[in-house]
Amino acid sequence: MEVPKIHSKMSDCEHCLSQSHGFLTCASSEILQKVGEHKIGKTFPKGSHIFLGGEDVQGIYCVSSGLVKIYYSGENGKDHLLRVAGPGDILGYRALLSDEPYKASAMAAEKVEACFIPKDVFSAAIKNCPELALSLLGKISKEFGGAESRFSSVTDKEAVRRVAESLLFLKASFPDHPWTRKDIGEWASTTPETVMRVLSKFVDQGYIRSESRKIEILNENALKKIAAIDEI
């Protein structure tokens, strides 16, 4: 694994811009100060791993900037994109709370800056701040609901509908990121070849524009109709 660049000049937690929609929003100034005293700022180049499946958990990561892909590698070597994380999101908390090694891997899809919070500091913050624990429970519940929805989509929808749904979700969540056909295929649980055929069809129908790996949605309502969803 490529060694990340470690630095100490990170914004304090109270004034971190990513905290406007992050996990620690509800924490008290005292808790934020305690976390700030022990966190370690790290920079991960594009393509480098933040952690790998099977590794022991030493703490959590709070994303300050950039985009992270959390994926699971199957026995056949095929990667499955589980979720994407951006500024304000935290990584590794499920494995930490269950006291298990990481089940999935996290890779920087672009340059990522993140704060590492040691395990004991994070655990103490949760124990001493009920609001923080409730916030984490809400985050877990939301992600579990999203996982249920994706499982239903994979089992019930044909590939063209899954690709349309995946394209809408990824572009809505992180519109500036250049999502590849491989990324869309991993999210839709289909092959890049299938994604290429479906996207080519969408181009012919005037639903999207695809140039130099950049995909632009031209007819969002048409894609929603194909995906059979009301909103993303």
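Keep in mind it's a predicted model, so treat the numbers as computed, not measured. (Residues numbered from 1 in each chain as written. Predicted model: local features only at pLDDT ≥ 70, side-chain atom pairs only at ≥ 80, totals over all residues. Heavy atoms only, no water.)

**Q** Which residues make up the pairing of strand S2 (residues 40–44), and what values go with them?
**A** Counting buried residues along S2, four of its five residues qualify, which places the element largely inside the surrounding structure. In the sheet, S2 pairs with strand S9 (residues 112–118) via five bridges, with the strands oriented antiparallel. When the bridges of S9 are listed, Phe44 appears paired with Val112. (Buried < 20%, exposed > 50% of the residue type's maximum accessible area, 1.4 Å probe, protein only. Helix = DSSP H or I, 4+ residues; strand = E, 2+ residues; numbered from the N terminus. Pairing = 2+ DSSP bridges.)

**Q** Describe the environment of Ile184, with residues and values.
**A** On the secondary structure map, Ile184 appears in helix H6 (residues 181–188). Judged by its relative accessible area of 1%, Ile184 falls in the buried class.

**Q** Run through the sheet that holds strand S3 (residues 49–51), naming residues and quoting values.
**A** An order of S3-S8-S5-S6 is seen for the four strands of this open sheet, with the pairing classed as antiparallel. In this open sheet, the two strands that pair with only one neighbour each are S3 and strand S6 (79–85). Across the sheet, the mean angle from the axis of one strand to that of its neighbour is 30°, orientation sign disregarded. Here strand S5 (residues 68–73) runs beside strand S8 (residues 105–108); their pairing, made up of four bridges, is antiparallel. Residue Val68 lies in a different strand from S8, and its bridge partner there is Ala108. (Axes fitted to C-alpha atoms, helices over the stretch in contact; angles between N-to-C directions.)

**Q** Pulling in residues and values, what's your account of the packing of helix H5 (residues 159–173) against H6?
**A** Packed helices, taken two at a time, are described by the angle between their axes plus the distance between the axes. Axis separation between H5 and H6 bottoms out at 9 Å; the angle between their running directions is 115°. When the interaxial angle is binned, H5 and H6 end up roughly perpendicular. Handedness of the crossing formed by H5 with H6: right-handed. Within the contact between the two elements, H5 uses Arg162, Val163, Ser166, Leu167, Phe169 and Leu170 and H6 uses Asp183, Ile184, Trp187 and Ala188. Considering only residue class, the contact of H5 with H6 consists of seven nonpolar, one polar and two charged. (Parallel < 35°, antiparallel > 145°, perpendicular 65-115°, else oblique. Left-handed = near helix turned anticlockwise from the far one by under 90°. Contact = heavy atoms within 4.5 Å. Nonpolar A, V, L, I, M, F, W, Y, C, P; charged D, E, K, R; others polar.)

**Q** Requested: an account of the pattern of salt bridges, with residues and values cited.
**A** Counted under the stated rule, the structure contains six salt bridges. The salt bridge involving Lys69 is made with Asp183; its shortest N-O contact spans 2.6 Å. Residue Lys69 is located in strand S5, and its partner Asp183 is located in helix H6; the two are separated by 114 residues in the primary sequence. Assigned by exposure class, Lys69 and Asp183 land together as buried. Between Lys182 and Glu186 there is a salt bridge whose closest N-O contact spans 2.4 Å. Within this pair, Lys182 and its partner Glu186 are both found in helix H6, separated by four residues, close to a single helical turn. (Salt bridge = Lys/Arg side-chain N within 4 Å of Asp/Glu carboxyl O.)

**Q** Describe the environment of Ile215, and please don't skip the residues or the numbers.
**A** Along the chain, Ile215 falls in strand S11 (residues 214–217). Overall, Ile215 belongs to the buried group, its relative accessible area being 4%. Residues Ile215 and Arg181, 34 residues apart in the sequence, show an inter-C-alpha distance of 9.7 Å. In contact with Ile215, other than residues within four places in its own chain, are Leu167, Lys171, Trp179, Ile184, Leu199, Ile208, Arg209 and Ser210.

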